[in-house]
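This is what each chain is made of:
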Amino acid sequence: MTPFLSYQSALAAAVDADPVLRLAHAAAWLDPLRGVLDDEDIEAVAYGEDPDAAVTMALFVTRRNFPEVYIDTLDALRTGQSYNAIDTLVCTAFNQKGIPLDSLEWLGWGIPLPAYGVELDDPDFWTAHADAAPVLACFGISPEPNPYRIEVPDITYRAAQIIENDLREQPDPTWKQVAELIGWIFGLCNNTVVSASPEILAEYQPLSWDPDDVEFAIEMIAEADDIMADALTVLKALNEHPTALQTLQTNVQKLYQQKGLNPNDRPQLTWTGFGERDERAAEPQSPVLLVRDDAA
């Protein structure tokens with residue numbers, strides 16, 4: 001064994017004496033992840049087969065997109081921290097940057113996105129957002145008698161689209177927020193995170209960890225959070241202003257009475273009711289008459 005040990009010492013001395021080799025050694029130590037992951041590594045991460053592969057994927061993603069997180073992860077590995085500690089470190093950093101990552105094992109599936117979209121025939125929606133019932137009542141939609149079988153006619157979606165477009169042109173910022181609310185409830189928003197339910201979003205091709213996709217995802221999620229903040233804020237305001245709810249219902253009824261309603265129509269609608277605070281509690285709206293296309 002002595003000759004082999006002497007060879008090792010000689011090689012180490014040769015590397016140490018060569019500035020280029022010393023630089024290469026330092027680079028390899030500081031940045032051990034070179035090249036790209038092969039398909040087997042990505043598959044292992046996607047199916048949760050190997051925790052080590054998940055950490056490798058985390059290093060790959062952070063190296064391309066978040067260098068400071070990459071350095072922190074390398075430091076954690078060199079100091080012998082556990083998988084759970086590294087998982088917490090990386091997930092916390094991603095969430096702070098606006099990407100909702102719950103586990104390293106999800107990295108192989110692409111960029112995780114929240115899904116705020118509404119399924120009106122989901123009883124959980126009516127439980128979680130009971131405060132949306134007065135707004136939906138303006139469109140003639142109710143969970144009664146069976147929340148599992150709620151059918152929304154096409155004319156309702158067309159009316160909602162016309163109202164959303166009209167509200168976006170209003171000078172009152174509160175009515176503009178109502179446009180965000182309508183866009184969320186009826187899935188009309190151009191932001192996929194706002195419009196798509198978890199079931200629908202699962203059918204989409206996930207975004208990759210390419211830096212351009214990462215930047216796009218962060219912007220889309222931030223925009224979605226702003227939209228949802230506006231929508232939920234104005235939902236509370238509507239329930240505190242029955243006059244505004246009545247205005248909404250009146251305009252919906254006006255559209256329902258038009259034959260051959262087209263989403264591109266621009267009827268004359270009037271928006272009032274967000275002046276002084278209305279001290280009355282939100283009152284049940286009178287029934288809305290739905291006029292179907294076959295009545296045209």
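About the cut-offs
- Residues numbered from 1 in each chain as written.
- Predicted model: local features only at pLDDT ≥ 70, side-chain atom pairs only at ≥ 80, totals over all residues.
- Heavy atoms only, no water.
- Axes fitted to C-alpha atoms, helices over the stretch in contact; angles between N-to-C directions.
- Helix = DSSP H or I, 4+ residues; strand = E, 2+ residues; numbered from the N terminus.
- Left-handed = near helix turned anticlockwise from the far one by under 90°.
- Contact = heavy atoms within 4.5 Å.
- Nonpolar A, V, L, I, M, F, W, Y, C, P; charged D, E, K, R; others polar.
- Salt bridge = Lys/Arg side-chain N within 4 Å of Asp/Glu carboxyl O.
- Buried < 20%, exposed > 50% of the residue type's maximum accessible area, 1.4 Å probe, protein only.
- Phe/Tyr/Trp six-rings, centres within 6.5 Å; stacked < 30°, edge-to-face > 60°.

### Description of the packing of helix α4 (residues 51–65) against helix α5 (residues 67–78)
So, step 1. Between α4 and α5, the least distance of the axes is 6 Å, while the angle of their chain directions is 145°. Between α4 and α5 lies a crossing whose hand is left-handed. Contact residues: α4 offers Val55, Leu59, Thr62, Arg63 and Asn65, while α5 offers Pro67, Val69, Tyr70, Thr73, Leu74 and Leu77.
So, step 2. Counted by class, the contact of α4 with α5 contains seven nonpolar, three polar and one charged residues.

### Overview of the pattern of salt bridges
So, step 1. As enumerated under the stated definition, the model contains five salt bridges in all.
So, step 2. Here Glu180 makes a salt bridge to Arg168, at a shortest N to O gap of 3.3 Å. With a gap of twelve residues between them, Glu180 in helix α10 (residues 173–185) and Arg168 in the loop between α9 (154–167) and α10 connect regions that are remote in the sequence.
So, step 3. For Glu180, a relative accessible area of 16% corresponds to the buried category.
So, step 4. Among the salt bridges present, the one from Glu240 reaches Lys236, with a minimum N-O distance of 2.6 Å.
So, step 5. Linked through salt bridges whose partners overlap, the residues forming this network are Glu164, Arg168 and Glu180.

### A few points about the packing of aromatic side chains
So, step 1. On inspection of all chains with the given rule, the structure shows seven aromatic pairs.
So, step 2. Here the aromatic rings of Phe94 and Trp209 are separated by 5.7 Å at their centres, their planes lie at 70°, and the arrangement is edge-to-face. Residue Phe94 is found in helix α6 (residues 83–96), and its partner Trp209 is found in the loop between α12 (198–201) and α13 (211–239); the two are separated by 115 residues along the sequence.
So, step 3. Residues Phe125 and Trp184 carry aromatic rings whose centres are separated by 6.3 Å and whose planes lie at 65° to one another, so their mutual orientation is edge-to-face. Of this pair, Phe125 sits in helix α7 (residues 123–128) while Trp184 sits in helix α10; the two residues are 59 residues apart in sequence, bridging distant segments of the chain.
So, step 4. The exposure class of Phe125 is buried, given its relative accessible area of 7%.
So, step 5. For Trp184, a relative accessible area of 2% corresponds to the buried category.
So, step 6. Ring-pair connections join several aromatic residues into one group, and the members of that group are Phe66, Phe94 and Trp209.

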